[in-house]
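Structural overview
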Amino acid sequence: MDLLRDRDIDIGPLAGKRVAILGYGNQGRAQALNLKDSGIDVVVGLRGASGSARAAEEAGLEIALVEEATASADVIMFLAPDEALAGIYREVEARIRYGAAIGFSHGLTVHFGQIHPRHDLDVFMVAPKGPGVALRSLYERGKGMVGVWAVAQDASGKARDLALAYGKAIGCARAGLIASSFAEECEADLFNEGAVVWGAVPEILVAGFETLVEAGVSPELAYLECVGELKLLADLIEARGIAGMREAISNTAELGAALGGPRVVDEHVRQNMRQVLEDVRSGRFAEALRREAADGYPELEGARARSHSHQMERVFQDLKSLGGS
Ligand SMILES: NC(=O)c1ccc[n+]([C@@H]2O[C@H](COP(=O)([O-])OP(=O)(O)OC[C@H]3O[C@@H](n4cnc5c(N)ncnc54)[C@H](OP(=O)(O)O)[C@@H]3O)[C@@H](O)[C@H]2O)c1
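These figures come from a predicted structure and were not determined experimentally.

With that settled, the discussion passes to the layout of surface pockets. Roughly 460 Å³ of internal volume is contained in the second largest pocket. The wall of the second largest pocket is formed by 22 residues, among which Gly 23, Arg 47, Ala 80, Pro 81 and Ile 88 lie closest to the centre. The set of elements that each furnish at least two residues to the lining of the second largest pocket consists of strand E3 (41–46), helix H3 (66–72) and helix H4 (82–92). Looking at the lining of the second largest pocket, the element that brings in the most residues is H4, giving four residues. Here the lining of the second largest pocket is composed, by residue class, of 11 nonpolar, seven polar and four charged.

This part is about the UniProt feature "binding site: Mg(2+) 2" (unreviewed entry) in the chain. Per the UniProt annotation, the sites labelled "binding site: Mg(2+) 2" (unreviewed entry) are Asp 189, Glu 225 and Glu 229. The greatest C-alpha distance among the residues just named is 28.8 Å, and with 41 residues of sequence between them they are spread in space as well. You can see Glu 225 is positioned in helix H11 (residues 219–226). The residue Glu 229 is located in the loop between H11 and helix H12 (230–248) in this model.

Before going further, it helps to examine the site of the ligand. The ligand sits among 19 residues. The nearest are Tyr 24, Asn 26, Gln 27, Ser 52 and Asp 82. Measuring from an oxygen atom of the ligand, one finds a backbone N or O atom of Gln 27 at 2.7 Å. Arg 47 has a polar side-chain atom sitting 2.9 Å from an oxygen atom of the ligand. If the ligand stood free it would expose 900 Å²; the protein chains cover 74% of that surface. Top contributing element to the shell around the ligand by residue count: H4, with three residues. Grouping the amino acids of the shell around the ligand by side-chain chemistry returns eight nonpolar, nine polar and two charged.

Scoring rules and cut-offs
Residues numbered from 1 in each chain as written. Predicted model: local features only at pLDDT ≥ 70, side-chain atom pairs only at ≥ 80, totals over all residues. Heavy atoms only, no water. 1 Å grid on protein atoms, 1.4 Å probe; cavity = no way out; pocket = protein on both sides within 12 Å on 5 of 7 lines; lining within 4 Å. Points joined across faces, edges and corners; volume = space filled by probe spheres on them. Helix = DSSP H or I, 4+ residues; strand = E, 2+ residues; numbered from the N terminus. Nonpolar A, V, L, I, M, F, W, Y, C, P; charged D, E, K, R; others polar. UniProt positions renumbered as here; feature names shortened; annotations may be inferred. Near = heavy atom within 4 Å. Polar contact = N/O pair within 3.5 Å; in protein donor to acceptor, adjacent residues only side chain to side chain. Areas by Shrake-Rupley, 256 points an atom, 1.4 Å probe, with all protein chains shown as cover.

Quick look at the structure:
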């Protein structure tokens, strides 16, 4: 693994440069504040009448309209939702200084050709591997979050050094910056979201709950069993790895897992996973995201409504009020 840490990286390529952070959401807030605390000149670019302006100003950050921030900067970081980035790029492209650098925290828009950066620009990615709230709180505690970096276009011959300096300034190099490519980062990330942690795990929890309730188990007990133990599992895997987690549970639980797990996640499930990966690699998922945004998010609205109206939500609220989940 090609992993670099603070001591391997010179922050010099960012010194004296002005960074525009476009978007003040999950990543934008954390990255802007970390850059500022690392001594970098930062301006947050927001659309007119943005609800985030006050919060950014109260945090001591300079703010400007997206196009003004872009025109004033040497490095422009695109940190609005992925489905908005192509439109934002189109609007600001003419305002980007000749020879500037543009950066992303996810490879999707560049890898799938939704953005075709101008040829004079450096194009890099630093993708922290976790949410912005954690990126910020780790930084404040003198720690960092692992990040993935890549260069898609090296017009200046210095894009690599700039990407690494950026990764250091937001604190990722305290934990480690892993070299990748826009394609690899984006495909792995979208695959995980669709087929593993964010896609399959919640579906497994719901399916397990429904199976027990259908068999006559009380919803509360089904919830405690199928959902309530997830944090315990995550904590054990984080602390000890998967093999260590198995050793930490009872023989009964370990045998149940060894016999039952592979029956559920069988060849059919693996084949479904390959199909999700193929949807990602072919660009079908990126196109679905673009269409979803253009149509006003019908799939997402439907999925949210189904989750909220599921029996599990009532059980969750009841258990929460007891302090039991
Ligand atoms: N979320 C994560 O944990 C995470 C982790 C790693 C990488 N990433 C990547 O980081 C990037 C940013 O994701 P995010 O989750 O941080 O985004 P986000 O929180 O959804 O971004 C919200 C911000 O984007 C602004 N925005 C939305 N549409 C805009 C538009 N058309 N023009 C200008 N500004 C607009 C919003 O403006 P208003 O304030 O006006 O509403 C708000 O400030 C993405 O590429 C994502 O894949 C995210």
